[in-house]
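A closer look at the structure
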Amino acid sequence: MHSNEKIILKAEDLDGYLLPKDVEDISLLKTMYDETLKHFEAQDKDKIVQSFDKMGHELQRICAENPNIKVFSFETDEGSHAEASRVISKLRDIETGHQEFIYYVQRAYEMLFRLAFTDQHEDKKGHIVVKTPVNIPVQNYAVHKIPDIDHKIENSVMCVMLRGALLPSIIMSKEIEEYSSHKYVTPFALFKINRDDSKNESNMEYILDLKKSFFNLEELDGKDLIFADPMNATGGSLVTVVKYLQANGVRPKSIKFFNVISALKGSLRVTRALENCTCYTLWLDPVLNSKAYIMPGLGDAGDRLNGCDKKNNPRNIIRLIADYGANISELYRNQLAKIEATVLD
């Protein structure tokens with residue numbers, strides 16, 4: 001559905017992208033997860049662990065058959081797996097408070113950046129020359145080698161699907177700036193999109209509000225579009241945004257989608273629906289429930305990152321950034337300046 005101000009994608013349109021094999025794999029994981037829930041009722045820890053191990057092996061098989069789905073623990077060396085498990089366990093934990101949650105999200109996106117851009121061997125190296133505070137007997141400098149990945153990152157535009165995606169997108173843009181030899185700060189495109197949570201997964205609607213979005217179509221054409229959303233449940237928000245851009249003449253060079261946690265169904269959908277799209281996720285969860293929430297999931301990542309809006313007084317983007325506080329504002333000052341220019345100009 002299309003109006004002058006809102007674009008709506010329906011769940012039945014989204015399901016049309018799945019292959020019969022995808023539906024079969026999703027059904028298999030659903031059956032396995034339902035069996036696992038019985039062990040929770042019986043509080044049988046050993047069987048719970050065994051069940052999750054079996055699901056993990058199936059997910060690994062599916063990802064091997066779908067190379068555009070990159071899961072951190074499936075792609076990296078075994079020594080990195082414990083790091084991913086620890087970060088995800090802290091993010092899932094109901095006892096993890098707001099500031100600690102932000103800290104682990106930052107760590108997660110640093111790991112995902114490494115997976116996508118620096119883990120592959122690069123023969124060409126760049127150098128960082130640092131002036132240190134030590135100046136006796138003379139001014140001291142240090143030299144550090146880093147992979148030269150300018151060609152991978154300096155055509156990027158950060159596409160933000162407000163609002164839970166705002167801070168992850170800023171973090172990813174900061175990583176790009178730090179690895180760029182030219183201190184490249186990504187342009188930002190801001191899309192106000194949400195799903196109708198009054199509906200179930202089977203009849204869900206994804207609503208792109210153009211009036212409250214900020215982007216320039218010409219700046220997106222031919223670019224490497226990066227989306228960073230902590231949770232990918234159904235894939236509907238990403239598909240809605242990209243299909244709208246394509247309908248208006250934007251032809252991305254590539255699309256990269258970064259998630260802390262993705263559901264299998266969401267990852268399969270976006271890689272089927274969007275050409276040259278790669279999903280990078282720290283952790284792949286097996287199923288969605290009837291309300292399209294990821295299971296076992298970690299709750300509402302947007303609320304845990306940003307706090308809850310008052311029902312009748314939602315924050316605009318400037319107020320949302322202000323709520324991050326002085327520490328975040330100083331750390332990501334170049335990114336926030338780009339966002340401010342995007343919104344106000």
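See the structure printed just above.
Please read these numbers as outputs of a predicted model, since none were measured by experiment.

Let's shift gears to the pattern of salt bridges. Evaluation of the coordinates by the stated rule reveals 20 salt bridges. With a closest N to O distance of 2.9 Å, Asp285 and Arg92 form a salt bridge. Pair noted here: Asp285 is in strand S11 (residues 277-285) and Arg92 is in helix H5 (residues 78-92), with a separation of 193 residues, a long-range link. Between Arg163 and Asp303 there is a salt bridge, with the nearest N and O atoms lying 2.6 Å from each other. Within this pair, whereas Arg163 is found in the loop between strand S5 (156-162) and helix H8 (166-179), its partner Asp303 is found in helix H12 (residues 301-306), the two being separated by 140 residues in sequence. Classification of Arg163 as partly exposed rests on a relative accessible area of 21%. When salt bridges with common partners are traced through the structure, they connect Lys21, Asp25, Glu58, Arg61 and Glu65 into a single cluster.

The tally for this structure, following the rule as stated, stands at zero disulfides. For the unlinked cysteine Cys279, the closest cysteine sulfur is that of Cys277, found at 4.8 Å.

Of the volumes computed, that of the largest pocket is approximately 1,400 Å³. The wall of the largest pocket is formed by 46 residues, among which Leu162, Arg163, Gly164, Ile193 and Asn194 lie closest to the centre. For the lining of the largest pocket, the secondary-structure elements that each account for two or more residues are S5, strand S6 (188-195), strand S7 (205-214), strand S9 (231-232), helix H10 (236-247), H12 and helix H13 (317-324). It is S6 that contributes the most residues to the lining of the largest pocket, four residues altogether. Its residues placed into classes, the lining of the largest pocket shows 23 nonpolar, eleven polar and twelve charged.

The full count for this structure, using the stated rule, is nine aromatic pairs. Measuring from ring centre to ring centre gives 6.4 Å for Phe40 and Phe52, while their planes differ by 85°; the resulting arrangement is edge-to-face. One end of the pair, Phe40, is in helix H2 (residues 20-42); the other, Phe52, is in helix H3 (residues 45-65), with twelve residues separating them in the sequence. Accessibility expressed as a relative area gives 41% for Phe40, which makes it partly exposed. Ring geometry for Phe113 against Tyr179: centres 5.1 Å apart, planes inclined by 35°, an arrangement best described as tilted. Highlighted residues: Phe113 in helix H6 (residues 98-118) and Tyr179 in helix H8, separated in sequence by 66 residues. Under the relative-accessibility criterion, Phe113 is labelled buried at 1%. Assessed through its relative accessible area of 25%, Tyr179 is described here as partly exposed. One aromatic cluster is present, formed by Phe113, Phe117, Tyr179, Phe258 and Tyr280 through successive ring pairs.

Here we take up the packing of H2 against H3. Where H2 meets H3, the closest approach of the two axes is 9 Å, and the angle between their N-to-C directions is 170°. Overall, the two elements H2 and H3 adopt an arrangement that is roughly antiparallel. Contacts between H2 and H3 involve Lys21, Asp25, Leu28, Leu29, Met32, Tyr33, Thr36, His39 and Phe40 from the former and Lys47, Ile48, Ser51, Phe52, Lys54, Met55, Glu58, Leu59, Arg61, Ile62 and Glu65 from the latter. Its residues assigned to classes, the contact of H2 with H3 shows ten nonpolar, three polar and seven charged.

The buried fraction of strand S10 (residues 254-263) amounts to ten of the ten residues, a majority that puts the element mostly inside the structure. Relative to S10, strand S8 (residues 224-228) runs parallel, the two being bridged by five bridges. Bridge assignment links Phe227 to a residue of S10, and that residue is Phe257. Sheet topology places S9 next to S10; two bridges connect them, and they run parallel. Considered in S10, the bridge of Asn232 is made with Ser262. Once the chain exits S9 it traverses H10 before rejoining the sheet at S10, and the crossover so formed is right-handed. As paired elements, S10 and S11 share eight bridges and run parallel to each other. Bridge pairing in S11 links Lys256 to Thr278. For the handedness criterion, the β-α-β arrangement of S10, helix H11 (residues 264-273) and S11 is classed as right-handed.

This paragraph deals with a nonpolar patch on the surface. On the surface, Val129, Tyr141 and Val143 cluster together into a nonpolar patch covering about 330 Å² of accessible area. Its place among the elements puts Tyr141 in strand S4 (residues 141-147). When its relative accessible area of 54% is taken as the criterion, Tyr141 is described as exposed.

Once that is clear, we can look at the nonpolar core. Counting 88 residues, the largest nonpolar core has Leu166, Phe227, Phe258 and Ile339 as its most contacted members. Take this core: its biggest share by element is twelve residues, from H6. With residues up to four places along the chain from it excluded, the contact list for Ile339 reads Leu166, Ile170, Phe188, Leu190, Ile317 and Ile321. Core analysis: the second largest hydrophobic core is formed by 15 residues, Tyr33, Cys63, Val71 and Leu284 among them.

Before going further, it helps to spend a moment on the side chain of Ser156. Relative to the assigned elements, Ser156 resides in strand S5. Classification of Ser156 as buried rests on a relative accessible area of 1%. Reaching out from Ser156, the side chain makes a polar contact with the backbone oxygen of Ile153 at a distance of 2.8 Å. When neighbours within four sequence positions are excluded, Ser156 is seen to be in contact with Ile176, Tyr184, Thr186, Pro187, Asp224 and Ile226.

Conventions used here
- Residues numbered from 1 in each chain as written.
- Predicted model: local features only at pLDDT ≥ 70, side-chain atom pairs only at ≥ 80, totals over all residues.
- Heavy atoms only, no water.
- Salt bridge = Lys/Arg side-chain N within 4 Å of Asp/Glu carboxyl O.
- Helix = DSSP H or I, 4+ residues; strand = E, 2+ residues; numbered from the N terminus.
- Buried < 20%, exposed > 50% of the residue type's maximum accessible area, 1.4 Å probe, protein only.
- Disulfide = S-S within 2.5 Å.
- 1 Å grid on protein atoms, 1.4 Å probe; cavity = no way out; pocket = protein on both sides within 12 Å on 5 of 7 lines; lining within 4 Å.
- Points joined across faces, edges and corners; volume = space filled by probe spheres on them.
- Nonpolar A, V, L, I, M, F, W, Y, C, P; charged D, E, K, R; others polar.
- Phe/Tyr/Trp six-rings, centres within 6.5 Å; stacked < 30°, edge-to-face > 60°.
- Axes fitted to C-alpha atoms, helices over the stretch in contact; angles between N-to-C directions.
- Parallel < 35°, antiparallel > 145°, perpendicular 65-115°, else oblique.
- Contact = heavy atoms within 4.5 Å.
- Pairing = 2+ DSSP bridges.
- Right-handed = clockwise from strand over helix to strand, strands pointing away.
- Patch = residues over 30% accessible without salt bridge, like charges linked within 9 Å, V, L, I, M, F, W, Y side chains within 5 Å.
- Areas by Shrake-Rupley, 256 points an atom, 1.4 Å probe, with all protein chains shown as cover.
- Core = buried A, V, L, I, M, F, W, Y, C linked by side-chain atoms within 4.5 Å.
- Polar contact = N/O pair within 3.5 Å; in protein donor to acceptor, adjacent residues only side chain to side chain.

Function-wise, these values are silent; they only describe arrangement.
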